[in-house]
Amino acid sequence: MQEWLYGNEGYYSNVRTIGKEGDFYTAVSTSMFFGGSIAKRLISTIESGFLTSSCTVVEIGAHKGYLLADMIQFIYTLKPELLQTLTFVIVEPFEANQSMQKVYFEEAFGDAIKLLHVKHLETFTCKEAFFVANEIFDAFPCELIKEDQMLFIESGKAFFAHMDDATKTKAKEYGITKGELCLGYEPFAKAMNHCCGRFEFVTFDYGDKEARDDFSLRIYANHKVYPFFALTDLVEEKLREQNDFNAFFAQADLTYDVNFSHLFYAFEKNGIHVHDYATQMKALVDFGLVELLELFAQNVSEKQYEREMNKIKTLIDPSFMGERFKMACFRKGEMECN
């Protein structure tokens, strides 16, 4: 999975299109009100006193930078004076994506907003921050576990074989006997803990709080979903897809359901507490989506409002993203508030 997504020719190592013309949709590519709701949450966190107006706003896994840009647009509408005090940073390891983000910000804001980049969270430091990420944990490389075996791929063939002791120890610690095991959550949480004295981290991803004791690894290509194992000879022939996984290697997205209980464990193990957890629908409403829509309705035509509402339905409808996607909010810092 590491090589598939992040190798020299990996899926995310090159500029990819997300949205209608790409392999999949995200909440960011669906409606600007996703970023707007998070901006309202940021403002509330500052007004509550947990963070100050001079904190750093950091997006991780920004792709083209649309989410952070949408947040800035709404901050300008709701509390423009914050744009004079906030610092905006994107954590981005790939030079091509950094260049793309800089161009987009220059086109959107000219020289009014200064965008900073860091390549890795481990090299970033600040006093206080508001971190935001959308669909990053489902792209962390994982191991596929089945009892005392794990998945290997050699010469284009997938097979289960003996699990090494280190992975076996982690699988036991996380209570996994069948499914995906992500070994990257703990190093990520450790890096976040070390880089910042106080922060709030808001992240959205699809998954559940408890493991399903089954595999969810799948491929997204041109808005079609292919179960990973159906592309291998590990399933009986009548259940196989016509393609095999080699046809999609590094050319399509490879992802899985996030086990949020594992994510919580990784953060709590590093001294970061879980402040909130909710479905995407509930989180966006709690953040202030309804109030933003009321403000929007006062300033646009009915046709414009209806068009945007159709987009937003995808974000909050339980049959689309509303229930399938979850929001987790983490906090670090002595001073806490409800």
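See above for the structure.
What counts, and where the lines are drawn
Residues numbered from 1 in each chain as written. Predicted model: local features only at pLDDT ≥ 70, side-chain atom pairs only at ≥ 80, totals over all residues. Heavy atoms only, no water. Phe/Tyr/Trp six-rings, centres within 6.5 Å; stacked < 30°, edge-to-face > 60°. Helix = DSSP H or I, 4+ residues; strand = E, 2+ residues; numbered from the N terminus. Buried < 20%, exposed > 50% of the residue type's maximum accessible area, 1.4 Å probe, protein only. Lys NZ or Arg CZ within 6 Å of the ring centre and 35° of its normal. 1 Å grid on protein atoms, 1.4 Å probe; cavity = no way out; pocket = protein on both sides within 12 Å on 5 of 7 lines; lining within 4 Å. Points joined across faces, edges and corners; volume = space filled by probe spheres on them. Pairing = 2+ DSSP bridges. Axes fitted to C-alpha atoms, helices over the stretch in contact; angles between N-to-C directions. Arc of directions from axis to C-beta. Contact = heavy atoms within 4.5 Å. Polar contact = N/O pair within 3.5 Å; in protein donor to acceptor, adjacent residues only side chain to side chain. Expected span 1.5 Å × (residues − 1).

**Description of the packing of aromatic side chains**
Thought 1: Evaluated as defined, the whole model comprises 36 aromatic pairs.
Thought 2: Aromatic pair Phe34 and Phe204: ring centres 4.8 Å apart, planes at 65°, arrangement edge-to-face. Of this pair, Phe34 sits in helix H3 (residues 32–47) while Phe204 is found in strand S9 (residues 196–208), placing the two residues 170 residues apart along the sequence. Here the two residues Phe34 and Phe204 agree in accessibility, since each one is buried.
Thought 3: Ring centres of Tyr104 and Phe105 lie 6.4 Å apart, and the angle between their planes is 75°; on these two criteria the pair is classed as edge-to-face.
Thought 4: Sitting over the face of the ring of Phe160, Lys146 holds its NZ or CZ atom 4.5 Å from the ring centroid.

**A short note on unusual backbone geometry**
Thought 1: Phi is positive for Glu135, which is not a glycine, with a value near 55°.
Thought 2: On the secondary structure map, Glu135 appears in the loop between strand S4 (126–134) and strand S5 (142–146).
Thought 3: Located in the positive-phi region is Ser155, a residue other than glycine, with phi close to 55°.
Thought 4: Structurally, Ser155 can be placed in the loop between strand S6 (149–154) and strand S7 (157–162).

**Quick word on empty space enclosed by the protein**
Thought 1: By the definition in use, this model includes 1 cavity of 30 Å³ or more.
Thought 2: Put simply, the largest cavity is a space of about 220 Å³.
Thought 3: What lines the largest cavity is a set of 19 residues, and nearest its centre among them are Glu180, Ala211, Arg212, Asp257 and Asn259.
Thought 4: In terms of residue count, the dominant contributor to the lining of the largest cavity is strand S8 (residues 178–182) (5 residues).

**Points about the sheet that holds S5**
Within a sheet, adjacent strands bond to each other through the backbone by hydrogen bonds, running parallel or antiparallel.
Thought 1: Spatially, S7-S6-S5-S8 is the arrangement adopted by the 4 strands of the open sheet, whose pairing is antiparallel. The open sheet has two free edges, formed respectively by S7 and S8, since each of these has just one partner strand. With strand direction ignored, the average angle separating the axes of adjacent strands in the sheet is 40°.
Thought 2: Pairing geometry for S5 and S8, over 5 bridges, is antiparallel. Opposite Lys146, over in S8, you have Lys178 as the bridge partner.

**With respect to helix H6 (residues 165–174)**
Thought 1: Along H6, the residues classified as buried are Thr167, Ala171 and Tyr174. Along the long axis of H6, the arc covered by the buried residues comes to 70°, so they all point the same way. Counted as exposed and oriented over 90 degrees from the buried face of H6: Asp165, Ala166 and Lys172.
Thought 2: In this structure, the buried side of H6 is in contact with S5, S6, S8, helix H7 (185–195) and helix H8 (260–269).
Thought 3: One side-chain oxygen at the N-terminal end of H6 lies 3.2 Å from the backbone nitrogen of Ala166; it belongs to Asp164.
Thought 4: Of the residues trailing H6, Gly175 is marked for its positive phi of about 75°.

**Digging into H3**
Thought 1: Taking 1.5 Å of rise per residue, 16 residues should cover 22 Å, and H3 covers 23 Å from first to last C-alpha, within 8% of that figure.
Thought 2: Of the residues making up H3, those classed as buried are Phe33, Phe34, Gly35, Gly36, Ser37, Ile38, Ala39, Arg41, Leu42, Ile43, Thr45 and Ile46.
Thought 3: Between the side-chain oxygen at the start of H3 and the backbone nitrogen of Phe33 there is a gap of 3.1 Å, and the oxygen is on Ser31.
Thought 4: One or two steps after H3, the chain reaches Gly49, where phi turns positive at roughly 100°.

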